[in-house]
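The lines below spell out each chain.
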Amino acid sequence: MQTDQKKALYEEAQKELISITEGETNVPALMATVSCVLSQKFDYYFWTGFYNVDPEKENELVVGPYQGTLGCLRIPFGRGVCGAAASTRETQVVADVHAFPGHIACDSRTNSEIVVPVINADGQLIAVLDVDSVEHNSFDQTDRIALETLMQRIFAQ
Ligand code: SME
């Protein structure tokens with residue numbers, strides 16, 4: 001997809017999501033709404049959803065609201081792309097998941113992905129947003145900046 005078109009869709013998604021979620025503080029409701037709007041808006045989003053930091057287990061993610069095919073239930077910090085984003089608190093943009101050490105193949109059709117840490121207003125990591133694509137190299141700096149901004153606007157204010 002052309003960068004201009006991507007940017008325009010992200011602007012639309014952000015406007016819609018800010019308006020729909022205004023005044024809502026329930027985190028599962030916010031996550032369900034974000035997954036739905038993003039997956040409907042972008043044709044190249046194949047799996048769109050959240051892995052939450054499990055408050056009952058140290059350094060483990062557990063699947064949260066998502067849209068797409070069956071996702072793995074649990075991912076330890078440091079494992080795969082989601083685990084790397086959780087342990088470093090840095091966005092991971094992966095052009096070819098098969099070349100990523102420890103990648104967890106929940107669905108073998110996934111070829112590229114982006115994972116963005118979700119940090120709340122207190123600066124705590126609460127989840128990661130995971131978006132997978134069946135194409136190689138679907139995600140770039142435009143996706144990274146737009147999704148980081150969106151996570152900040154929805155979950156840290
Ligand atoms: N791709 C992720 C695992 C989660 S699923 O693909 C839904 C990873 O390697 O972290």
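Looking up the protein chain in an unreviewed UniProt entry gives the name GAF domain-containing protein, with the organism given as Thalassospira indica. Of the protein chain, the UniProt comment under Sequence similarities (unreviewed entry) reads exactly: "Belongs to the free Met sulfoxide reductase family."

Below, the discussion takes up the packing of aromatic side chains. Note on aromatic pairs: each is described by the distance of the centres and the angle between the planes. Inspection of the entire model under this criterion finds nine aromatic pairs. Arranged with centres 5.7 Å apart and planes meeting at 55°, the rings of Y44 and F139 form a pair that is tilted. Linking Y44 in the loop between α2 (27-41) and β1 (47-53) with F139 in the loop between β6 (125-133) and α4 (141-155), this pair joins segments that are 95 residues apart in sequence. Per residue, the accessibility class of Y44 equals that of F139, and both read buried. Members of the aromatic cluster, joined through ring pairs, are Y10, F42, Y44, Y45 and F139.

Here we come to the pattern of salt bridges. Per the stated rule, a full pass over the model turns up eight salt bridges. Residues K41 and E16 are paired through a salt bridge, measuring 2.8 Å at the closest nitrogen-oxygen approach. Note that K41 is positioned in helix α2 and E16 in helix α1 (residues 3-20), a separation of 25 residues in sequence. R144 is paired through a salt bridge with E148; the nearest N and O atoms lie 3.0 Å apart. Highlighted residues: R144 and E148, both in helix α4, separated by four residues, approximately one helical turn. Taking relative accessible area as the criterion, E148 reaches 29% and is therefore assigned partly exposed. When salt bridges with common partners are traced through the structure, they connect K6, D140 and D143 into a single cluster.

What counts, and at which threshold
Residues numbered from 1 in each chain as written. Predicted model: local features only at pLDDT ≥ 70, side-chain atom pairs only at ≥ 80, totals over all residues. Heavy atoms only, no water. UniProt positions renumbered as here; feature names shortened; annotations may be inferred. Phe/Tyr/Trp six-rings, centres within 6.5 Å; stacked < 30°, edge-to-face > 60°. Helix = DSSP H or I, 4+ residues; strand = E, 2+ residues; numbered from the N terminus. Buried < 20%, exposed > 50% of the residue type's maximum accessible area, 1.4 Å probe, protein only. Salt bridge = Lys/Arg side-chain N within 4 Å of Asp/Glu carboxyl O.

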